[in-house]
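Read off the chains here:
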Amino acid sequence: RNIFYYIAGIKKDSVKKSAIHARCYISGKNIEIKEGSYINKECLLDAKGGNITIGKNVGIGYRCQLLTTNHSYTDKKREGKGIASDITIGDGCWIGAGSIINPGVTIGDGCVIASGSVVTRDCISNGLYAGVPAKMIKRLE
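All values derive from a computational prediction rather than experimental measurement.

## Some points on the side chain of Ser 99
Okay, step 1: Secondary-structure assignment places Ser 99 in the loop between strand E13 (94-95) and strand E14 (100-101).
Okay, step 2: Classification of Ser 99 by relative accessible area gives buried; the value is 0%.
Okay, step 3: Not counting residues up to four positions away in its chain, the partners in contact with Ser 99 are Arg 63, Cys 64, Gln 65, Ile 113, Ala 114, Ser 115, Gly 116 and Ser 117.

Here is the structure:
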């Protein structure tokens, strides 16, 4: 599997020290995963347009979606062309199962995103975020 990721262009700090579990769907080559991080089963990483950067020691739960592309909805026909924005997840974050990270979001170091949350805006470091859309519940020490 690691050879496949290498051929696909996924940049990993250390093949042995970060992991992508089975049945993940990965589109695009603009993905960087740093040391000690893992992506659990059945996740979707859409990096066709924007970059996805995952910091050190990040845990991403089951069935999470990291989406870098969207469509413009300003024209009346709703035939908006694609728009891409980067996603950055800082060091030491936990992303709970079933969470969705939308385009253009930066999640600061040490954040915890509760299961099932939809992150539509940047998250400041060391915060617990939950909900749809995700909001800060409290600061973490």
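## As for the state of the cysteines
A covalent bond bridging the sulfur atoms of two cysteines is what the word disulfide describes.
Okay, step 1: Per the counting criterion, the structure on display carries 0 disulfides.
Okay, step 2: In this structure Cys 93 is a free cysteine whose sulfur lies 5.1 Å from that of Cys 111, the closest cysteine sulfur available.
Okay, step 3: Its relative accessible area of 0% is what places Cys 93 among the buried residues.

## Focus on the pattern of salt bridges
Okay, step 1: Summed over all chains, the structure comprises 2 salt bridges.
Okay, step 2: The closest approach of N and O atoms between Arg 23 and Glu 42, which form a salt bridge, is 3.2 Å. Linking Arg 23 in the loop between strand E2 (19-20) and strand E3 (25-27) with Glu 42 in the loop between strand E5 (38-39) and strand E6 (44-46), this pair joins segments that are 19 residues apart in sequence.
Okay, step 3: The exposed category is assigned to Arg 23, whose relative accessible area is 61%.
Okay, step 4: Arg 63 is the salt-bridge partner of Glu 42, the closest N and O atoms lying 2.4 Å from each other. Remark: Arg 63 occurs in the loop between strand E8 (59-60) and strand E9 (65-67) and Glu 42 occurs in the loop between E5 and E6; sequence separation between them is 21 residues.

## So, the sheet that holds strand E18 (residues 127-130)
Okay, step 1: On the basis of which strands lie adjacent, the open sheet formed by 7 strands has the order E2-E5-E8-E13-E16-E18-E19 and mixed pairing. Each edge of the open sheet carries a strand with a single partner, namely E2 and strand E19 (135-139).
Okay, step 2: Relative to E18, strand E16 (residues 112-113) runs parallel, the two being bridged by 2 bridges. Its bridge partner lying in E18, Val 112 is registered against Leu 128.

Rules of the game
Residues numbered from 1 in each chain as written. Predicted model: local features only at pLDDT ≥ 70, side-chain atom pairs only at ≥ 80, totals over all residues. Heavy atoms only, no water. Helix = DSSP H or I, 4+ residues; strand = E, 2+ residues; numbered from the N terminus. Buried < 20%, exposed > 50% of the residue type's maximum accessible area, 1.4 Å probe, protein only. Contact = heavy atoms within 4.5 Å. Disulfide = S-S within 2.5 Å. Salt bridge = Lys/Arg side-chain N within 4 Å of Asp/Glu carboxyl O. Pairing = 2+ DSSP bridges.

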